[in-house]
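Analysis of the macromolecular model
So you can see what is in the structure, the chains are spelled out below.
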Amino acid sequence: MTMPAATRPLRVGMIGIGTVGAGTFRVLARNQATIAGRAGRGIEVVVVAARNLARAAGVVGTGVALTNDPMQVATHPEVDVVVEAAGGTGPAREWLLAAMAAGKHVVTANKALLAVHGNELFAAARAHGVALAYEGAVAVSIPIIKALREGLTANRIEWVAGIINGTTNFILTKMRDEGLGFAEALAQAQALGYAEADPAFDIEGVDAAHKVTLLAANAFGMPVRFADAQVEGITALQGLDVACAEQLGYRIKLLGVARKRDNGGVELRVQPALVPATHLLAHVNGSMNGILVKGDAAGVTMYYGAGAGSEQTASAVIADLVDVARLDGTNAAQRVPHLGFHAHAVDDTIAVLPRAAVHTRHYLRVPVHAAQDIEAVGAWLAAQQVPVAQVALATDKALPPGSGPQVLVLTDAVAQATVDLAVHALAAHKAVAGPVTSLRVEMLDS
Ligand code: HSE
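Along each chain, residue indices are assigned from 1 in the same order as the chain's sequence is written. Where totals are concerned, whole chains, interfaces and linings use all residues; where local detail is concerned, this predicted model gives features only for residues with pLDDT of at least 70, and gives and counts side-chain atom pairs only at 80 or more. The basis for the side-chain values is all heavy atoms of the structure; hydrogens and waters are excluded.

UniProt positions are given in the numbering used here, feature names are shortened, and annotations may be inferred rather than shown by experiment. As recorded in UniProt, the feature "binding site: NADP(+)" (unreviewed entry) lies at Ile15, Gly16, Ile17, Gly18, Thr19, Val20, Gly21 and Ala22. Of the annotated set named above, Ile15, Gly16, Ile17, Gly18, Thr19 and Val20 line the largest pocket. The exposure class assigned to Thr19 is partly exposed, which follows from its relative accessible area of 44%. The contact definition used throughout considers only heavy atoms, calling two residues in contact when any of these lie within 4.5 Å. Dropping the residues within four chain positions of it, Thr19 is found in contact with Gly193 and Ser310. Ala22 gets classed as buried once you look at its relative accessible area, which sits at 11%. Here a cavity means grid points, on a 1 Å grid over the protein atoms only, where a 1.4 Å probe fits yet cannot get out; a pocket means an open set of points with protein on both sides within 12 Å along at least five of seven lines; lining residues are those with an atom within 4 Å of a point. Exposed residues in this analysis have more than 50% of their type's maximum accessible area, buried residues have under 20%, and partly exposed residues fall in between, with area computed by a 1.4 Å probe over protein chains only.

Grid points are joined across faces, edges and corners, and a volume is the space filled by probe spheres set on the points. In this structure, the largest pocket occupies an estimated 1,200 Å³ of space. Those elements that place two or more of their residues in the lining of the largest pocket are helix 1 (19-30), helix 5 (91-101), helix 6 (111-128), helix 8 (166-178), helix 10 (200-203), helix 11 (206-220) and helix 13 (310-327). Helix and strand definitions here come from DSSP, where helices need a minimum of 4 consecutive H or I residues and strands a minimum of 2 consecutive E residues; each element is numbered from the N-terminal end. Looking at which element gives the most residues to the lining of the largest pocket, the answer is helix 11, with three residues. Taken together, the residues that form the lining of the largest pocket break down as 18 nonpolar, 20 polar and 10 charged. Classification used: nonpolar for Ala, Val, Leu, Ile, Met, Phe, Trp, Tyr, Cys and Pro, charged for Asp, Glu, Lys and Arg, polar for all others including Gly.

In this section: the environment of Ile144. Relative to the elements of secondary structure, Ile144 occurs in helix 7 (residues 144-151). By relative accessible area, Ile144 is classed as buried at 0%. Spatially, the C-alpha atom of Ile144 lies 28 Å from that of Val79, the residues being 65 residues apart in sequence. Setting aside residues no more than four positions away along its own chain, Ile144 makes contact with Glu135, Val138, Leu215, Ile291, Val293 and Tyr303.

Evaluation of the coordinates by the stated rule reveals one cavity of 30 Å³ or more. Of the pockets and cavities examined, the largest cavity occupies roughly 40 Å³. As for the largest cavity, its lining consists of Ala133, Tyr134, Glu135, Ile145, Lys146, Arg149, Asp320 and Asp323. For the lining of the largest cavity, the elements supplying multiple residues, two or more each, are helix 7 and helix 13. Top element by residues in the lining of the largest cavity is helix 7. It accounts for three residues. Among the residues making up the lining of the largest cavity, the classes are represented as three nonpolar, no polar and five charged.

Okay, here's the thing in structure tokens:
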């Protein structure tokens, strides 16, 4: 006799048994009773697809079927939910579409896949009445999707900002605190399993852009708009600017920012930015992530936790499995919508603002021929409509040996277009001795 769906164990098929898959398998086994108590029934992995079957057998032991064909898992008749833990945006899309077409719920931590193909995949999930859950896709251990989608539903979200890539935060922390070189710090992050298969995704800001795209969709009720995000990583960041920022009372963090502007447009961007050294976010170090959400009713709330790691991601993947175990068999219209808003309320007219229209404070570092050029630089910027708030000379402590004088400027909020023009024109000023660096400054207050 077949057991009713609500009482028999939820049967899981896993695609991929690498860092995320193995962590999920391990935590499911270790915390079986606790998880079943919360889910109302057991959660059992029945089949796993892996490239290396011998290695997979070493992880899952006996009693779990193994295959090297992910499609077999996606369409397996005994599977209720497919966990996609393989990564990538090519075949993974096919597997998810096939699984959903076969009536299976899907859980994934694959932020690249959802950022690039999310609109299609969420539409398919709706069409087939299945869940497509992705808590592990953003800031792994932090239940930020749940916070946005459920905990903060009363609020008009004004902005979301945070450190959402563990690898780059680990690198920046190692460089600042231990004086490690970029390459060595990256190698350590890779050895610890934090980095993406292609670490360029981390250091070029792409991974953070995938995540902030998903946060923006949930915060503002807009489609997934990764293609419109402005993305800048940490590869061009200079140690000199880290030191000059410290002198001014700031730290540099790679931030993902999604901000709804009064004109209805949304800023969607990733960049290294100065954060006040006294702000809690400045103290989010190592591979930890920190996210701030500003709601009109709740005010600013902050979320902190591990941003990468095997069991840290498993924590989110299993939370999604528990949700699926609870909702399986219920009416799809009564479930929490995939992107926090019901499909009819998602506004596809919301535009992502171009880089030129982004409005923030800025930090400029201007190499000059002589210390007294500080006067000329300050006056010239003010004449270019750049609202100068503070001008200082970099101290000897901030400067590497042999460096010429550097004028440091902090501005009030100003359009990026104005700053870009001023930086470009400043290059021709007779007082200026080299390329001008500009970085955004985020005060992260209400
Ligand atoms: N490479 C990612 C990071 C893993 O470093 O944050 C978690 O998404």
